[in-house]
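Residue-level listing of the chains:
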Amino acid sequence: MKLELISFKLCPFAQRTVILLNAQKLDFETTYINPMDPPDWFKEISPTGQVPLLKVDDKIVFESSVIGEFVNDIGALDLHPKDVVKKANNRSWIAFYGTMFDDLFNLVTGDEEKFNTAKINLFEKFAKLEAIKNQEKFFNGNEFNMIDAAIAPFFMRLAWINEFCDNALSITKFKHLSAWSEAVLALDVVKNSVVDGLDDVYYSNIEAREGYLSTLLIE
Ligand SMILES: N[C@@H](CCC(=O)N[C@@H](CS)C(=O)NCC(=O)O)C(=O)O
């Protein structure tokens, strides 16, 4: 089975796929495109115009959460809990993260009003996650699972924003969430899921968006 990931270096959803492919030690090729200015061949094969897209031989799988399930199906490890209720619950929270990525986008691109609204929305969601997160290292215990991989790109961007913008979105008051983020970001499979220097690119992206967040940059 030949796997080709169509990706964009800054895309958190594509990063999810990289984490899972690497966690499963699966071989794959990567083709980078700019989804804001996509080549014609991409428009022809992508139903949504979005990355990530996984080519499996000549078939297309799209939507990062579905790609994640597929990678789990073909991988040697089952990165979901065995218990079907826990598994469904994990998938529900993975769907919940989707709106957090929307809030993050609004935080990076929005004016002060949009920034403040997005921050309130996001912190309400953090409180909900904090309330259900246990003392365990990862969401389900000591093992890194799909539910951790799906939020890893979010934690990475949040950590960058806090580093670049004087802790503008500090989550230290959420003890479980903070510890979970640290544990996830410490993993090699997460660290190695982005190209070198992506933090600098992210910094430049915040600057270039000229939103309220860009006024909080400290370097
Ligand atoms: N729900 C999609 C979201 C993917 C997504 O938003 N990708 C962005 C790049 S990070 C994209 O391709 N944007 C181009 C567009 O929407 O036209 C997934 O999880 O795969």
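So, here's what we can say about the structure. (Residues numbered from 1 in each chain as written. Predicted model: local features only at pLDDT ≥ 70, side-chain atom pairs only at ≥ 80, totals over all residues. Heavy atoms only, no water.)

## Notes on the packing of aromatic side chains
Then, number 1: Tallied over the full model, the rule gives 14 aromatic pairs.
Then, number 2: With 6.0 Å between their ring centres and 70 degrees between their planes, Phe126 and Phe174 make a pair best called edge-to-face. You can see Phe126 sitting in helix α5 (residues 112-132) and its partner Phe174 sitting in the loop between α6 (146-164) and α7 (175-185), a full 48 residues away along the chain. In this pair, the class of Phe126 matches that of Phe174, namely buried.
Then, number 3: Among the aromatic residues, ring-to-ring pairing joins Phe13, Phe101, Phe123, Phe126, Phe154 and Phe174 into one connected group.
Then, number 4: Just above the ring of Tyr32 sits the side chain of Lys9; from NZ or CZ to the centre is 4.9 Å. (Phe/Tyr/Trp six-rings, centres within 6.5 Å; stacked < 30°, edge-to-face > 60°. Helix = DSSP H or I, 4+ residues; strand = E, 2+ residues; numbered from the N terminus. Buried < 20%, exposed > 50% of the residue type's maximum accessible area, 1.4 Å probe, protein only. Lys NZ or Arg CZ within 6 Å of the ring centre and 35° of its normal.)

## What to know about the sheet that holds strand β1 (residues 3-7)
Then, number 1: One open sheet accounts for four strands, arranged β2-β1-β3-β4; its pairing is mixed. For this open sheet the edge positions go to β2 (29-32) and β4 (59-62), each flanked by a neighbour on one side alone. Between one strand and the next, the sheet's axes are offset by a mean angle of 25 degrees, whatever the strand orientation.
Then, number 2: The pairing of β1 with β2 spans four bridges and is parallel. Residue Glu4 lies in a different strand from β2, and its bridge partner there is Glu29. (Pairing = 2+ DSSP bridges. Axes fitted to C-alpha atoms, helices over the stretch in contact; angles between N-to-C directions.)

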